[in-house]
Amino acid sequence: MPTPEPVRLRSESAGPYAVVVPHDPITDRRLSATDLGVYLRCRWLLDVCAPYGDVDWLISELGMPEAETRGSVRRLVELGYFETVGAIEAEFRSAHDVGDGVRAAIEATVDDLTPTERASVARFADLVDRRQAQADAAFTAEQRRDLSGS
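Residues numbered from 1 in each chain as written. Predicted model: local features only at pLDDT ≥ 70, side-chain atom pairs only at ≥ 80, totals over all residues. Heavy atoms only, no water.

Chemist: Residue-level account of helix H3 (residues 66–78), with values.
Modeler: In an α-helix there are 3.6 residues to a turn, and that puts residues three or four apart on one side. With 13 residues, H3 extends 18 Å between its outermost C-alpha atoms, agreeing within 8% with the 18 Å of an ideal straight helix rising 1.5 Å per residue. Residues of H3 that are buried: Thr69, Gly71, Ser72, Val73 and Leu76. On its buried face, H3 sits against helix H1 (33–48) and helix H2 (55–62). (Helix = DSSP H or I, 4+ residues; strand = E, 2+ residues; numbered from the N terminus. Expected span 1.5 Å × (residues − 1). Buried < 20%, exposed > 50% of the residue type's maximum accessible area, 1.4 Å probe, protein only. Contact = heavy atoms within 4.5 Å.)

Pasting the structure below:
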């Protein structure tokens, strides 16, 4: 993605400030200025805490008004700017992402390892597999609950 040109803002009390948002501009009239501010903070949160940003953390650490922030996040989700995932789905995705990385690292280095190191790596891989299995089971159970409506 090409680097966007900064939007220059001026203020009577200080300035000029440059605000750079490396994402497509939002000109949706259904969003308020507060919604756009929340959008920018959430994008920052995702850049810092990828792949998932914790809205509760954002609210508490930045001292954002809870009801107003949650309302903005809800509108941004409803309009398709964000998607929300629960803790179970986030763990499912993270467990698989980490597992893929661990397997790639093992495959790239296994020939260079001593027998003792290989045994340690095998134990670590087993822990990763267990984490994935637990995440799979929890995610499957959640999906079944959602499908059954309970």
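There is more to say, and it comes next.
Chemist: Can you lay out the packing of aromatic side chains for me, pointing to particular residues and giving the numbers?
Modeler: Within this structure, the stated rule accounts for four aromatic pairs. Aromatic pair Trp44 and Trp57: ring centres 6.3 Å apart, planes at 25°, arrangement stacked. In this pair, Trp44 is assigned in helix H1 and Trp57 in helix H2, connecting sequence segments 13 residues apart. Since its relative accessible area comes to 34%, Trp57 is described here as partly exposed. By way of ring pairs, the aromatic residues Tyr39, Tyr81 and Phe82 are connected into one cluster. (Phe/Tyr/Trp six-rings, centres within 6.5 Å; stacked < 30°, edge-to-face > 60°.)

Chemist: Can you explain the environment of Arg30? Please cite residues and give values.
Modeler: Mapped onto the elements, Arg30 comes out in the loop between strand E2 (17–19) and H1. The class for Arg30 is exposed, based on a relative accessible area of 57%. Beyond its immediate stretch of four places on either side in the chain, Arg30 contacts Asp35 and Leu79.

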